[in-house]
Amino acid sequence: MKTTIEKLIFPESIKTKLKMKVSQGNLKVEYISGHIIKFNKTNLSIMDPHKIIISNNKATFVALLYEDIEKIYLPRENAIISFTKYISIINTMNKN
């Protein structure tokens, strides 16, 4: 079965919000664009979400971003949180 992979563009609004609201002193922030994988000659597709990887000397924090940019999925905690709560967690991580 043949597939087509379509690269998604990471939302600039998220990058801008994070730069404005998070003091990135000792944090390394990496943005990875998502993909849509389409199975040719079917109506099936899979979405690989955007990823935000934040790390400091002690920990790495991965968050997934789907179409709703106001909600962030945390795979390690299996939780969906608001963007505001996400900012709060990152700022706490930056203090440690």
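Residues numbered from 1 in each chain as written. Predicted model: local features only at pLDDT ≥ 70, side-chain atom pairs only at ≥ 80, totals over all residues. Heavy atoms only, no water.

Draft legend 1. Geometry of the environment of proline 49. By the element assignment, proline 49 lies in the loop between β4 (45-48) and β5 (50-55). Residue proline 49 is classed as buried on the basis of its relative accessible area of 7%. With 14 residues separating them in the primary sequence, proline 49 and histidine 35 have C-alpha atoms 6.7 Å apart. For proline 49, the residues in contact, after removing those within four places along its chain, are Gly34, Leu64, Leu65 and Tyr66. (Helix = DSSP H or I, 4+ residues; strand = E, 2+ residues; numbered from the N terminus. Buried < 20%, exposed > 50% of the residue type's maximum accessible area, 1.4 Å probe, protein only. Contact = heavy atoms within 4.5 Å.)

Draft legend 2. Quick peek at the pattern of salt bridges. All chains considered together, the criterion is met by 4 salt bridges. Residues glutamate 70 and lysine 17 are paired through a salt bridge, measuring 3.0 Å at the closest nitrogen-oxygen approach. With a gap of 53 residues between them, glutamate 70 in the loop between β6 (60-65) and β7 (71-74) and lysine 17 in helix α1 (residues 12-21) connect regions that are remote in the sequence. Residue class for glutamate 70 comes out partly exposed when judged on its relative accessible area of 40%. Residue aspartate 48 pairs with lysine 51 through a salt bridge whose shortest N-O separation is 2.9 Å. (Salt bridge = Lys/Arg side-chain N within 4 Å of Asp/Glu carboxyl O.)

Draft legend 3. Quick look at the packing of aromatic side chains. Per the stated rule, a full pass over the model turns up 3 aromatic pairs. Seen in terms of ring centroids, phenylalanine 83 and tyrosine 86 are 6.2 Å apart; in terms of plane orientation they differ by 45°. Their pairing is tilted. Taken as a pair, phenylalanine 83 and tyrosine 86 lie in helix α2 (residues 83-95) at a separation of 3 residues, close to a single helical turn. For tyrosine 86, a relative accessible area of 0% corresponds to the buried category. Among the aromatic side chains, those forming a connected cluster through ring pairs are Phe61, Phe83 and Tyr86. Across from the ring centre of phenylalanine 83, 5.4 Å away, lies the NZ or CZ of lysine 17, which sits over that ring. (Phe/Tyr/Trp six-rings, centres within 6.5 Å; stacked < 30°, edge-to-face > 60°. Lys NZ or Arg CZ within 6 Å of the ring centre and 35° of its normal.)

Distances and angles like these do not, on their own, reveal function.
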